[in-house]
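Structural features, examined
Each chain is listed here by its residues.
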Amino acid sequence: MEETEPKDTNTKEEAPIIEIKNVKKIYRMGNERIPAVDDVSFAIKKGEFCCLLGTSGSGKSTLLNLMAGIEKASGGQILIKGKNIRKMNEKQLAKFRQKYLGFVFQSYNLLNSMTALENVEFPLVFKRIPARRRKRMAREMLVKVGLGSRMNHRPKQMSGGQQQRVGIARAFVAKPEIVFADEPTGNLDTRTTMEVMDLIKQVAKDNAQTIVMVTHDPRLAKFADKIIHILDGKIQSIETISHTMTEDTEEETTEKSEAEREENEEDEKENEKE
Amino acid sequence: MRISDLIKMGLRNLGRRKARTALTVVGVVIGTISIMLMVAIGQGINYNFEKQIMENGSMTIIRIYTYAWGENENGEYQEYQQVLNEELIAQLREIKHVKAVSPVMEKYIELYSGKYMTGISLKIMDCATFADFGFPALEYGTYPTPEQNETIVFGYEALNEFYYNNGRTYQTKTVDLAKDRVNFTFRDYDTTDVKKQFRYVVKDYAKIAACDQWEYGWYCYVDYEFYKELYTRYANTLKPADKKKAMESLERYDTIQINVDNMKHVTEVQEAIEELGYRTESDMQYIQPMLDTSDMLQKVFLAIGAVAFVVAAINIANTMIMSIYERTKEIGIMKVLGCYIKDIKKLFLFEAGIIGCIGGMVGVGLSYVAAYLLNEYGGAFLGSLMTIAGGEADTGAAYCIIPFWLPFAAILVAISVGILSGYLPARRATKISAIEAMKNEG
Ligand SMILES: Nc1ncnc2c1ncn2[C@@H]1O[C@H](COP(=O)(O)OP(=O)(O)O)[C@@H](O)[C@H]1O
Ligand SMILES: [Mg+2]
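Only a predicted model underlies this, so the values are computations on that prediction, with no experimental measurement involved.

Scoring rules and cut-offs
Residues numbered from 1 in each chain as written. Chains lettered and ligands numbered in written order. Predicted model: local features only at pLDDT ≥ 70, side-chain atom pairs only at ≥ 80, totals over all residues. Heavy atoms only, no water. Pairing = 2+ DSSP bridges. Helix = DSSP H or I, 4+ residues; strand = E, 2+ residues; numbered from the N terminus. Axes fitted to C-alpha atoms, helices over the stretch in contact; angles between N-to-C directions. Contact = heavy atoms within 4.5 Å. Buried area = accessible area lost by both parts, 1.4 Å probe. Salt bridge = Lys/Arg side-chain N within 4 Å of Asp/Glu carboxyl O. Polar contact = N/O pair within 3.5 Å; in protein donor to acceptor, adjacent residues only side chain to side chain. Nonpolar A, V, L, I, M, F, W, Y, C, P; charged D, E, K, R; others polar. Buried < 20%, exposed > 50% of the residue type's maximum accessible area, 1.4 Å probe, protein only. Parallel < 35°, antiparallel > 145°, perpendicular 65-115°, else oblique. Left-handed = near helix turned anticlockwise from the far one by under 90°. 1 Å grid on protein atoms, 1.4 Å probe; cavity = no way out; pocket = protein on both sides within 12 Å on 5 of 7 lines; lining within 4 Å. Points joined across faces, edges and corners; volume = space filled by probe spheres on them. Phe/Tyr/Trp six-rings, centres within 6.5 Å; stacked < 30°, edge-to-face > 60°. Near = heavy atom within 4 Å. Areas by Shrake-Rupley, 256 points an atom, 1.4 Å probe, with all protein chains shown as cover.

Once that is clear, we can look at the sheet that holds strand β6 (residues 101-104) of chain A. All names here are of chain A. One open sheet holds the 6 strands; their spatial order is β6-β7-β8-β3-β9-β10, and the pairing between them is mixed. Looking at which strands have only one partner, the edges of the open sheet turn out to be β6 and β10 (234-240). Sheet twist, expressed as the average angle between the axes of neighbouring strands with direction ignored, equals 15°. In this sheet, strand β9 (residues 226-231) lies alongside strand β3 (residues 49-54) in parallel orientation, the contact comprising 5 bridges.

A few words on the sheet that holds strand β1 (residues 18-29) of chain A. All names here are of chain A. The strand order β2-β1-β4-β5 describes an open sheet built from 4 strands, whose pairing is antiparallel. A single partner strand is all that each edge strand has here, and the edge strands are β2 (32-44) and β5 (83-84). Sheet topology places strand β4 (residues 75-80) next to β5; 2 bridges connect them, and they run antiparallel. When the sheet's bridge partners are listed, I80 is paired in β5 with K83. Lying on the sheet, helix α2 (residues 60-67) is in contact with β1, β2 and β4; it crosses β2 at an angle near 60°.

Before going further, it helps to examine the interface of chain B and chain A. Listed as interface residues are 25 residues of chain B and, on the opposing side, 29 residues of chain A. For the pair chain B and chain A, the summed buried surface comes to about 2,600 Å²; carbon and sulfur atoms form 60% of the total. Considering only the side of chain B, the residues that lose the most area to chain A are L337, Y340 and M438 of chain B, jointly responsible for 26% of the buried surface there. Linking chain B to chain A there are 2 salt bridges. Measuring nitrogen to oxygen at the nearest pair gives 2.7 Å for the salt bridge that ties R134 of chain A to D5 of chain B. Connecting chain B to chain A are 10 residue pairs in polar contact (both at pLDDT 80 or more). For the side of chain B that touches chain A, the elements supplying multiple residues, two or more each, are α1 (3-16), α8 (328-336) and α12 (435-438) of chain B. The biggest single contributor to the side of chain B that touches chain A is α8 of chain B, with 6 residues. Among the residues making up the side of chain B that touches chain A, the classes are represented as 13 nonpolar, 3 polar and 9 charged.

What follows is about the pairing of strand β13 (residues 219-223) of chain B. Regular strands place side chains that alternate from one sheet face to the opposite one. Residue and element names in this part refer to chain B. When you tally the buried positions in β13, you get 5 out of 5 residues, the bulk of the element. Side chains of β13 alternate between two faces, with Y219, Y221 and D223 and C220 and V222 buried alike. The pairing of strand β7 (residues 152-154) with β13 spans 2 bridges and is antiparallel. Residue pairing for β13: V153 is matched across the bridge by Y221.

Looking now at the side chain of T115 of chain A. Residues and elements named next belong to chain A. For T115, the position within the fold is in the loop between β6 and α4 (116-126). Among the residues examined, T115 registers a relative accessible area of 10% and is labelled buried. Ignoring anything within four residues of it in the chain, the contact list for T115 reads M151, N152, H153 and R154.

So, about the side chain of K60 of chain A. Residue and element names in this part refer to chain A. In this fold, K60 is placed in helix α2. Separated by 2.9 Å, the side chain of K60 and the backbone oxygen of T55 make a polar contact. Discounting chain neighbours no more than four positions away, the residues touching K60 are L52, L53, G54, T55, E183, V214, T215 and H216.

Moving on, we come to the packing of helix α9 (residues 341-377) of chain B against helix α11 (residues 406-431) of chain B. Residue and element names in this part refer to chain B. The N-to-C vectors of α9 and α11 enclose an angle of 150°; their axes lie 7 Å apart at closest approach. Relative to α11, the element α9 lies roughly antiparallel. The hand of the α9/α11 crossing is right-handed. Looking at the contact of α9 with α11 residue by residue, the classes come out as 18 nonpolar, 6 polar and 2 charged.

Here we come to the packing of α4 of chain A against helix α5 (residues 131-144) of chain A. Residues and elements named next belong to chain A. Orientation of α4 relative to α5, taken along the N-to-C sense of each, is 125°, at an axis distance of 9 Å. What the angle tells us is that α4 and α5 run oblique. As α4 packs across α5, the resulting crossing turns out to be right-handed. Note on element contacts: α5 touches α4 through R134, K135, M137, A138, R139, M141 and L142, opposite A116, L117, V120, E121, L124 and V125. Considered class by class, the residues forming the contact of α4 with α5 number 9 nonpolar, no polar and 4 charged.

Another point: the pattern of salt bridges. Tallied over the full model, the rule gives 30 salt bridges over all chains. In this structure, E351 of chain B engages R327 of chain B in a salt bridge whose closest nitrogen and oxygen atoms are separated by 2.9 Å. In this pair, E351 of chain B sits in helix α9 while R327 of chain B sits in the loop between α7 (283-326) and α8, placing the two residues 24 residues apart along the sequence. On the basis of relative accessibility, which here comes to 1%, the residue E351 of chain B falls in the buried class. R327 of chain B sits in the buried class, given a relative accessible area of 5%. Each of E121, R134 and K135 of chain A together with D5 of chain B takes part in a single network of salt bridges with overlapping partners.

Summed over the entire model, instances satisfying the criterion amount to 5 cavities of 30 Å³ or more. The volume enclosed by the largest cavity comes to roughly 130 Å³. Of all elements in the fold, only α4 of chain A together with α1 of chain B reach the threshold of two or more residues within the lining of the largest cavity. Each residue belonging to the lining of the largest cavity can be placed in one class, and the counts come to 4 nonpolar, no polar and 6 charged. Contributing to the lining of the second largest cavity are 14 residues, with L101, G102, P123, R170 and A171 of chain A lying nearest its centre. Of all the secondary-structure elements, those providing two or more residues to the lining of the second largest cavity are α3 (90-100), β6 and α6 (160-172) of chain A. Here the element with the most residues in the lining of the second largest cavity is β6 of chain A; it accounts for 3 residues.

Bringing the packing of aromatic side chains into the picture now. Residues and elements named next belong to chain B. Applying the stated criterion across every chain, the model contains 27 aromatic pairs over all chains. On the basis of an interplanar angle of 55° and a centroid distance of 5.3 Å, the ring pair of F186 and Y234 is categorised as tilted. Of the two residues, F186 sits in strand β10 (residues 183-186) while Y234 sits in helix α4 (residues 224-236), which places them 48 residues apart along the sequence. There is no split in this pair, since F186 and Y234 are both buried. When the ring of Y224 is compared with that of Y253, the centres are 5.2 Å apart and the planes differ by 85°; the resulting orientation is edge-to-face.

Now for the site of ligand 1. Residues and elements named next belong to chain A. As a structural note, the neighbourhood of ligand 1 is formed by Y27, M29, I34, A36, T55, S56, G57, S58, G59, K60, S61 and T62. Interatomic distance of 2.9 Å between a side-chain N/O atom of K60 and an oxygen atom of ligand 1. S61 places a side-chain nitrogen or oxygen 2.6 Å from an oxygen atom of ligand 1. Considering ligand 1 on its own, with 560 Å² of exposed area, one finds that the protein chains cover 62% of that surface. At the level of secondary structure, the elements contributing two or more residues to the shell around ligand 1 comprise β1, β2 and α2. Considering every element that reaches the shell around ligand 1, the biggest residue donor is α2, with 3 residues. Classifying every residue of the shell around ligand 1 by side-chain character gives 4 nonpolar, 7 polar and 1 charged.

Structure follows, in structure tokens:
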């Protein structure tokens, strides 16, 4: 493996927000040992859009779950914001997730009994944020993802793309520093995939949030600042995409977001009338 | 999570499966009703019991009558004539737990005050035992004592309706002993041909203060020894044949009344007397089967209540476990979104508690309905349990009485059953891993 960017430049600026050293995850199936993640080390900078790219079964999801503290590592060190999450207990992990982490899931994972608004509010409920403020935050977030007119719809009444927008709103509503996304477009068609990717990228950019996304689709890699190629639980290569290449996409997204904002403002007015 | 959010979420979850929640609640309802009715019937029995004690005098009294009914060796009922005399009284005094023994006679007398008169029963007892038999307080005067035994004790109603009737006018009068002189005579024998009529002018008197025991109302009381004196004087005015009979009657008592030191010993003392060869009666002997039946009835309700609550508890646990299976993914998502384990546990305990609470509240409501129906229409069934022989159940008597604390206690029990049976499922819910949220199949 090789790093295209010299290491000293980023350490001078700031310590990496995610730092992984010699992490291992071995599943046992009877007598068989499956090394899903095998001695992996890398670092992600604050504000970076990092893509874990690899074929199915290569261990991407496992790696993401390890970083989020959802799975227990078999070995190595996982530092997030300088804290060793392997040493945290369940309560500390829950608190840590509330404070710093957001999640976007492949199958959206919205609660069907709740409206879009309530789903977006959900993580704020665990943070004990009062209802009024919570509602305002959720509403703002839904407007931002272009669902100002769908607040009181239930997941079953929305398309896959819309549901994932709700999922994105939920992931970003608490303004977490890191958002994990495991195949966020895995259930969507190509057009919607691009829309959703643009949305994630744009929302993250607004607050300089760090994104760690798992995908098997090389076409999505172009959204990332850093691509980590994974095969059989090992890192094959880490590729950092130069800033100049992302510049036009950046302009594109800002243009688009402005257009969206206008749309959203109208939605908001409608909502207020209600 | 805030409490308000926890409540909202819990109610929403229960609302999602209305039919299942309702069926689970039914179990708790049945348990609550059983427990409520158990206590309510128990309270009703106690209330009626106490009321009857108040009305009929002490439950500690045993009586031996000259003419007694009883079963013979062949199991047939027949009348027995028993000899009640001083010798027996002496024997009875020796029995353990006997507090007082007194002969009792009842004689019809006619009281006169000027042109007014009235008929009343004179109760004759050993005045030394008055206190032991719990005679009530006096309005004025003092009770007779063996040394000063000539006092006539008037019941609280005894002076109220003296009347005058000459065929044309009918007048009544309440006699005031302070102003009006009163005399009386016995009417056991024909005295139309007698030269000198017996009249006793009341010298010493006392009056019982009004109370709620009817036996102290329309009666007069006098000491046995003094009565003997009076009756001997009366006998001396009679024709020789009547005189002989009258004097003989003084040697035997109509009734002997025994007071036992404690209600619990009544049955024991009764058995001891029957061993002497006498048949006895007490209110207790009628009350005892009633108490036994009520005890049994309460136990049956308790058993039904306990079984119903056990079944309800299993039902709640089952419902919660099913709910957890269904919500595995949801719980995983909650964990990933930063929900504390403690909150997940609280959420499930709350849901189980709410099932208990709703069941308890509905049960309490239905118990009031059931209690009303039992009081209104259950008289034939419950009334027989709650009246001692001779006493009659009042119309509108309360067979079920729900004390004010009972609904609260019942709901509390129901909630506790809910929370207890939700405990293991709730723990199980906390063990669900956050990985469930990351799985894509299903
Ligand atoms: N819970 C598990 N038990 C056993 N093996 C597992 C488990 N989860 C994942 N694996 C195995 O680990 C490897 C990596 O899985 P995963 O991280 O899901 O791959 P990816 O997300 O890249 O498709 C696979 O071989 C998979 O079969
Ligand atoms: Mg995967």
